[in-house]
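# Survey of secondary and tertiary structure
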Amino acid sequence: MLNPEDARRVAQSLVERGIAAGASAADALYVGERSSSVQVRLGEIDSVSRSEGQEMGLRLFAGQRSASVASSDLSDEALDGLVERCLAMAREAPEDPYAGLAPADLLQRGDLPDLDSDDRQEPDPAELRARALEAENAALAVRGVTNSSGAGASASASTLALATSGGFCGAYRGSGHCCSAVVIAGEGTTMQRDYASHTTRRLDELESAGEIGRRAGERAVARLKPGRPKPGKYPVLFDPRVSSSLLGHFVSAISGAAIARKTSFLQDKLGARVFAPGVSVIDDPLRLRGLRSRPFDGEGLRVSRQELVADGILRTWIAESASARQLGIAPTGHAARGVGGAPSASPSNLYFAAGGRSRDELLAAHPEAVLIVELIGQGVNAVTGDYSRGAVGFMVRDGEIAEPVAEITIASNLIDMFATLEPASDLEFRRGIDAPTLLVPEMTVAAA
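Keep in mind that what you see is a predicted model, and the values were worked out from it rather than measured.

About the criteria used
- Residues numbered from 1 in each chain as written.
- Predicted model: local features only at pLDDT ≥ 70, side-chain atom pairs only at ≥ 80, totals over all residues.
- Heavy atoms only, no water.
- Helix = DSSP H or I, 4+ residues; strand = E, 2+ residues; numbered from the N terminus.
- Rg over C-alpha atoms; globule rule 2.2 N^0.38 Å.
- Buried < 20%, exposed > 50% of the residue type's maximum accessible area, 1.4 Å probe, protein only.
- Areas by Shrake-Rupley, 256 points an atom, 1.4 Å probe, with all protein chains shown as cover.
- Contact = heavy atoms within 4.5 Å.
- Axes fitted to C-alpha atoms, helices over the stretch in contact; angles between N-to-C directions.
- Left-handed = near helix turned anticlockwise from the far one by under 90°.
- Nonpolar A, V, L, I, M, F, W, Y, C, P; charged D, E, K, R; others polar.
- Pairing = 2+ DSSP bridges.
- Patch = residues over 30% accessible without salt bridge, like charges linked within 9 Å, V, L, I, M, F, W, Y side chains within 5 Å.
- Salt bridge = Lys/Arg side-chain N within 4 Å of Asp/Glu carboxyl O.
- Lys, Arg positive; Asp, Glu negative; His and termini not counted.
- Charge placed at Lys NZ, Arg CZ, Asp CG, Glu CD.
- Core = buried A, V, L, I, M, F, W, Y, C linked by side-chain atoms within 4.5 Å.
- Phe/Tyr/Trp six-rings, centres within 6.5 Å; stacked < 30°, edge-to-face > 60°.
- Lys NZ or Arg CZ within 6 Å of the ring centre and 35° of its normal.

Each helix and strand in the chain was counted, giving 9 helices and 19 strands. Taking 448 residues into account, the globule formula puts the C-alpha radius of gyration at 22 Å, and the chain, at 24 Å, falls close to it. In terms of overall dimensions, the chain has a C-alpha envelope of 70 × 55 × 35 Å along the principal axes. Here the chain holds 448 residues, and 49% of them are scored as buried. Per element, the accessible surface of the chain, about 19,000 Å² overall, is 48% carbon and sulfur.

The subject of this paragraph is the environment of leucine 301. With respect to the element layout, leucine 301 can be found in the loop between β8 (281–283) and β9 (306–310). You can call leucine 301 buried: its relative accessible area is 1%. Spatially, the C-alpha atoms of leucine 301 and threonine 420 are 35 Å apart, while their sequence positions differ by 119 residues. Contact partners of leucine 301, with chain neighbours within four places excluded, come to Ala102, Pro103, Leu106, Leu107, Gln108, Phe296, Pro331 and Gly333.

The contact between helix α3 (residues 125–140) and helix α4 (residues 209–222) brings their axes to 7 Å, and the two run at 35°. The interaxial crossing formed by α3 with α4 has right-handed handedness. Taken together, the residues of α4 that come into contact with α3 (itself represented by Arg131, Glu134, Ala135, Ala138 and Ala139) are Ala209, Gly210, Gly213, Arg214 and Gly217. A class-by-class count of the residues in the contact of α3 with α4 yields 4 nonpolar, 3 polar and 3 charged.

Take the pairing of strand β19 (residues 438–447) next. Across 6 bridges, the pairing between strand β7 (residues 232–238) and β19 is antiparallel. Paired with leucine 237 across the two strands is leucine 439, which belongs to β19. Of the strand pairs in this sheet, strand β16 (residues 400–413) and β19 are connected by 4 bridges, and their pairing is antiparallel. Across the sheet, isoleucine 410 pairs through a bridge with valine 445, a residue of β19. Across 2 bridges, strand β17 (residues 422–423) lies against β19 in antiparallel orientation. Bridged to glutamate 422 within β19 is leucine 439.

Together, Asp360, Glu361, Asp398 and Glu400 make up a region of like negative charge exposed at the surface. Within the secondary structure, glutamate 361 sits in helix α8 (residues 359–363). Judged by its relative accessible area of 42%, glutamate 361 falls in the partly exposed class.

On to the nonpolar core, then. By size, the foremost hydrophobic cluster in this structure holds 44 residues, and its most contacted members are Phe238, Phe250 and Phe275. Excluding residues that lie within four positions of it along the chain, phenylalanine 250 makes contacts with Leu266, Phe275, Val281, Leu308, Val309, Leu314 and Phe418.

Time to look at the sheet that holds strand β18 (residues 433–434). Read across the open sheet, the 5 strands follow the order β10-β9-β8-β13-β18; overall the sheet is mixed. Of all strands in the sheet, those bounded by a partner on one side alone are β10 (313–314) and β18. As defined by bridge partners, β8 adjoins strand β13 (residues 350–352) across 3 bridges and the pair is classed as antiparallel. Looking at β13, one finds that aspartate 283 is bridged to leucine 350.

Further remarks concern the side chain of aspartate 434. Structurally, the position occupied by aspartate 434 is in strand β18. Classification of aspartate 434 by relative accessible area gives buried; the value is 1%. Those residues in contact with aspartate 434, other than ones at most four positions away along the chain, are Ser244, Leu247, Arg287, Leu350, Tyr351, Phe352, Leu427, Glu428 and Phe429.

Once that is clear, we can look at the sheet that holds strand β6 (residues 192–200). Strands sit in the order β3-β2-β1-β4-β5-β6 across an open sheet of 6 strands; the sheet is antiparallel. Unpaired on one side and paired on the other, β3 (65–71) and β6 mark the two borders of the sheet. Recorded for the sheet is a direction-independent mean angle of 20° between the axes of neighbouring strands. Note that strand β4 (residues 145–164) and strand β5 (residues 169–185) share 17 bridges and pair antiparallel. Directly across from serine 148, in β5, lies its bridge partner valine 183. Where helix α2 (residues 76–92) meets the sheet, it contacts β2 (44–62) and β3, and its direction lies at approximately 150° from that of β3.

The tally for this structure, following the rule as stated, stands at 8 aromatic pairs. With centroids separated by 5.5 Å and ring planes inclined at 85°, the aromatic side chains of phenylalanine 275 and phenylalanine 352 adopt a geometry described as edge-to-face. Placement of phenylalanine 275 in the loop between α6 (256–261) and β8 and of phenylalanine 352 in strand β13 is noted, with a sequence separation of 77 residues between them. Judged by its relative accessible area of 1%, phenylalanine 275 falls in the buried class. Feature note: the residues Phe250, Phe265, Phe275, Phe352 and Phe418 constitute an aromatic cluster, connected by ring pairs. Against the face of phenylalanine 429 rests arginine 287, its NZ or CZ located 3.8 Å from the ring centre.

Now the structure itself:
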């Protein structure tokens, strides 16, 4: 894996080769990754792995025609061949009136913002093993836990560099640390499985392995002897473990590609009220140590914190350059790409802003409700917003979490859910997409 400065030079060199070969425009992406992990089960090492790799992606344009190729061989001979093959493919590709690099006036210029994303810590296998064992032991110590599906600890680092013939060249590096545990409670046909994990950029911010394991064990035990609620209409609360999934549906619906294809249930909602007053959805690529922070987007555009929804009003689509041209808008700095393809729109650190009422207040807002902690299946219609998913959770009565429930289905329409949902005040930044506990006042609950 190259350091950021060397990665920049390789990416820039590949772009120059493409232009010299006759391409009208070019961009190149370098991605290098290194990771180490240790998995344990019942006190014994289950696996130890270490991987390191790097790959170059090249996109060349021949007018309005373009093609993308990738290679893990960074030798001069291989890169020359990459250019030759990519240009030949581009010349045979169909014309696309919206193809092209990002507008030059929107490119990131000057020094990149420091996002403190790399702690340069690389724990050795013994340290990872000790962390995994601590998590598993803490989980097995919880009364009612009967077995382990394993615990793990890992560390990773990555370098990303992007260069374009439009005048951008930049690179950044990030680190990651993770610990997790999966355990089983109960015996025979009554067994229940659950997990806990935590991922951070910096090792000194990683939750203790003991706490992670204990939480996994307690979650598994709490799910023992589930029942089923009487079918009907209920208020439904989405625990933070699953509430961020609603943001995933939302951001897919406001992507430029979905809007251009007219395949979004929010097709005509720009500038309209989509959520209740007071609800905000924010995307912040510049958050220090954020898991999805980035100093520039996948096309080299400058990025900034954006309020996608303000006081319930949908303020903007998210779009890379191609879909932005199709929609007649400016790209929004949300381009993301892999080494072998064209950019697409994707958020960075996306979240629902915290609400005014606490989680306990939302739990007590109705005499009886259902709290969801796990979702199953993908029963969401992106065009109509119809929503139906299998779920696992708990009944809530008079503000207290009661018996577990399983094999249920929750259903509604995302338009109605968005219009009425209320975020609690318990927002924590633990993932790339985060949400607090969310209350939807009415959904249909039935046996799965």
